[in-house]
Amino acid sequence: MSKLRISIAISTLLLSVLWTAAGAHHSRANFLLDQTVTISGTVKEFAFRSPHAWITVAVPGPNGKTVDYVIEGGSVGSLRRFGWNKDSLAIGDRVTVIGNPDRKPENRLLYLSSVAKADGTVLVVSGEPAVAAKGKQLEIKPSTDFSGIWTRVATEDYFNVGAFSPPTHWPLNDKGREQVERFTMRDDPLVNCVPITLPRLAYGPFRHRWTRDGDVLITEKELSPFNRKIKLGERSFPETLEPTRQGTSRGWLDDDGALVIETRGFTADAWGNYRGLDSSTEKVVTEHYVLAEDGLSMTLTLTVEDPIYLSAPYSETWKFVKGPDFKGDLAKSDCDPESARRHLEFED
């Protein structure tokens, strides 16, 4: 097997791991992720709405009465890659559901693993994506100019729990520490369908598509309304910038061929630096991308400066893997406030 084929196989494996877990917009710490339970019953509700799908199943009890179990699914975008759609389940379907139980049994809440229907159809949320299983879109072509479909590498533990803690490891000043100490996921703007922006937009889960159009780099992110248009080859900014949530970006290639993108001109934003940490109009975000020699991965070193909340700049490094390119649109489901907030009813 050639080195290229090995790299493609590894990349595909990494992507299948990412697709398993990348659907979370809140922590999975309330679930017993090392345990599963199985229930059988009748579908009472199937809400295939962004950011998460929800299923309610009426399960017969020992006294002849039914009790409702609520099952939280992954993101609509990730479920679609495993063959799900709004018609995958119907009211009245007889199903057997396997899922991780909530730490409080009285909640009768599960985190979805699979659904088996009476006709033998099994719907899954992990493993080999449906498009790959059908032999479609498997070719992964190396990138030579940073363009293509990219997905960030992270462990399932990170997506389930680790990504949902406040940034206590950042160099916070007094104002930043005071805010982080008041952290609660109920304050997350995402529960009100307010989309994330930089820096989280750059390294967040789901697929990213990069397209070159002359001296302009266009970046799209799955399930995000923000498409970035970055002018390349120019480092200077206008003396006066009209503040926006996305900011204004400039990009260039450094002497080593790395892509550098600097963004400034932000509005002040709730949780605009990280979960639990707001951002100010003085925020500056610098992205430094290095493309691997084989064109199948790249690393991002991201630096955030915001003197209103940070005592010094903070940097982190992430890895992205190249995915199969395709011409269709990335999933852009509109966020549904009821779906985004539903998990709160099960939390303290």
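Scope of this entry: the structure provided in the associated data block. From a predicted model like this one, the values you see are computed outputs, not experimental measurements.

1. Overview of the packing of aromatic side chains
Turning to step 1, where the next piece is worked out: Applying the stated criterion across every chain yields a total of nine aromatic pairs.
Turning to step 2, where the next piece is worked out: With centroids separated by 5.8 Å and ring planes inclined at 40°, the aromatic side chains of Phe46 and Phe48 adopt a geometry described as tilted. As far as the burial class goes, Phe46 and Phe48 line up, both buried.
Turning to step 3, where the next piece is worked out: For Arg264, the ring lying beneath its charged end belongs to Phe237, and the centroid distance is 5.4 Å.

2. Observations regarding the sheet that holds strand β10 (residues 227-232)
Turning to step 1, where the next piece is worked out: The mixed closed barrel is built from nine strands, whose spatial order is β7-β8-β9-β10-β11-β12-β15-β16-β17. Across this sheet, the average inter-strand angle for adjacent strands is 30°, counted without regard to direction.
Turning to step 2, where the next piece is worked out: The pairing of strand β11 (residues 248-253) with strand β12 (residues 259-264) spans six bridges and is antiparallel. Residue pairing in the sheet places Thr248 in a bridge with Arg264 of β12.

3. What to know about the state of the cysteines
Turning to step 1, where the next piece is worked out: Going through the model one piece at a time under the given rule, you end up with one disulfide.
Turning to step 2, where the next piece is worked out: Cys193 shares a disulfide with Cys335; S-S distance 2.1 Å. Between Cys193 and Cys335, the disulfide has an S-S torsion of -65° and is therefore left-handed. Remark: Cys335 occurs in the loop between β17 (314-322) and α7 (337-341) and Cys193 occurs in the loop between α5 (174-181) and α6 (200-203); sequence separation between them is 142 residues.

Basis of the calculations
- Residues numbered from 1 in each chain as written.
- Predicted model: local features only at pLDDT ≥ 70, side-chain atom pairs only at ≥ 80, totals over all residues.
- Heavy atoms only, no water.
- Phe/Tyr/Trp six-rings, centres within 6.5 Å; stacked < 30°, edge-to-face > 60°.
- Buried < 20%, exposed > 50% of the residue type's maximum accessible area, 1.4 Å probe, protein only.
- Lys NZ or Arg CZ within 6 Å of the ring centre and 35° of its normal.
- Pairing = 2+ DSSP bridges.
- Helix = DSSP H or I, 4+ residues; strand = E, 2+ residues; numbered from the N terminus.
- Axes fitted to C-alpha atoms, helices over the stretch in contact; angles between N-to-C directions.
- Disulfide = S-S within 2.5 Å.

As far as function goes, none of this settles anything; it's purely spatial.
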